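One letter stands for each residue in the lines below.
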Amino acid sequence: LFQPATVVAWPYAERHKLLWPQEMHLLGDGISQSPFLELSANLDDFGPNVVWVGDAMGGMTSRTDWCEEFGNVIQKTQEKRRRLNATTTLQWPIFIVDYKDSPDLLRCSNIE
C-alpha cells in the first residue's frame, strides 16, 4: 500500500500558522493538494518517509539569520534522534525553497 511522504515545513512547523503568500502557495497549493505528500507540523516526526522543506527567509530579515536558525532546529532534531538510538537515522532529506528573485543561490554551510 502506498504511503505518502510526510513533509515538515519550517518555520511553519514551529508557528502553526501561515504568514507569507509563498508559504500559502507551497503548503496550500503544493503539499496539501498532492496525493504523494502529507503536511506535518511535527518536528519530532522521525518516520522513514519524512522530508523537511525550509522556506528560506520565512519572515526573517537576514539570510544568515535564517540559515543559523534553521541549522539550530536541525541540530536539535539530530540530538533528539541520537537519544532515540538505532531506530532513527541522523540524516534525512532537507530541501530549501528560496522565493527570492536573485541570481545567487542560498547556501547554508551549517546545514550542508
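Below or above, wherever it landed, is the structure these notes cover. As the structure is a computational prediction, the values presented were derived from the model and not from experiment.

## Regarding the packing of aromatic side chains
A complete count under the given rule lists 6 aromatic pairs for this structure. Taking 5.6 Å as the distance between ring centres and 85 degrees as the angle between the ring planes, the aromatic pair formed by Phe2 and Phe36 counts as edge-to-face. On the criterion of sequence distance, the pair formed by Phe2 in the segment before strand 1 (5-10) and Phe36 in the loop between helix 2 (21-31) and strand 2 (37-40) is long-range, its members being 34 residues apart. Among the residues examined, Phe2 registers a relative accessible area of 54% and is labelled exposed. Ring centres of Trp10 and Phe70 lie 4.9 Å apart, and the angle between their planes is 20 degrees; on these two criteria the pair is classed as stacked. Placement of the pair is Trp10 in strand 1 and Phe70 in helix 3 (residues 63-84), with a sequence separation of 60 residues. Comparing Trp10 with Phe70 shows no difference in burial state: the two are buried. Taken together, the ring pairs connect Trp10, Trp52, Trp66, Phe70 and Trp92 into an aromatic cluster. Over the ring of Trp92 we find Arg81; its NZ or CZ atom is 3.9 Å from the centre of that ring.

## As for the sheet that holds strand 1
Strand order in the open sheet made by the 4 strands is 2-1-3-4, with parallel pairing throughout. Each having just a single partner strand, strand 2 and strand 4 (94-97) make up the two edges of the open sheet. Across the sheet, the mean angle from the axis of one strand to that of its neighbour is 30 degrees, orientation sign disregarded. Pairing between strand 1 and strand 2: 4 bridges, direction parallel. Each bridged residue has a counterpart across the sheet, and for Val8 the counterpart in strand 2 is Ser40. The strands touched by helix 2 within the sheet are strand 1, strand 2, strand 3 (50-55) and strand 4, with strand 2 carrying the most contacts at an inclination of about 135 degrees. Most of the contacts of helix 3 go to strand 3, to which it runs at about 160 degrees, and overall it touches strand 1, strand 3 and strand 4.

## Some thoughts on the layout of surface pockets
Where empty space is left becomes clear once a probe the size of a water molecule has been rolled over the atoms. Volume-wise, the largest pocket comes out at about 270 Å³. Lining the largest pocket are 13 residues, and of these Ile74, Trp92, Ile94, Asn110 and Ile111 lie nearest its centre. Listing elements by their share of the lining of the largest pocket, those giving two or more residues are helix 3 and strand 4. With 5 residues, the top contributor of residues to the lining of the largest pocket is helix 3. Tallied by class, the residues present in the lining of the largest pocket amount to 7 nonpolar, 6 polar and no charged.

Rules behind the numbers
- Residues numbered from 1 in each chain as written.
- Predicted model: local features only at pLDDT ≥ 70, side-chain atom pairs only at ≥ 80, totals over all residues.
- Heavy atoms only, no water.
- Phe/Tyr/Trp six-rings, centres within 6.5 Å; stacked < 30°, edge-to-face > 60°.
- Helix = DSSP H or I, 4+ residues; strand = E, 2+ residues; numbered from the N terminus.
- Buried < 20%, exposed > 50% of the residue type's maximum accessible area, 1.4 Å probe, protein only.
- Lys NZ or Arg CZ within 6 Å of the ring centre and 35° of its normal.
- Pairing = 2+ DSSP bridges.
- Axes fitted to C-alpha atoms, helices over the stretch in contact; angles between N-to-C directions.
- Contact = heavy atoms within 4.5 Å.
- 1 Å grid on protein atoms, 1.4 Å probe; cavity = no way out; pocket = protein on both sides within 12 Å on 5 of 7 lines; lining within 4 Å.
- Points joined across faces, edges and corners; volume = space filled by probe spheres on them.
- Nonpolar A, V, L, I, M, F, W, Y, C, P; charged D, E, K, R; others polar.

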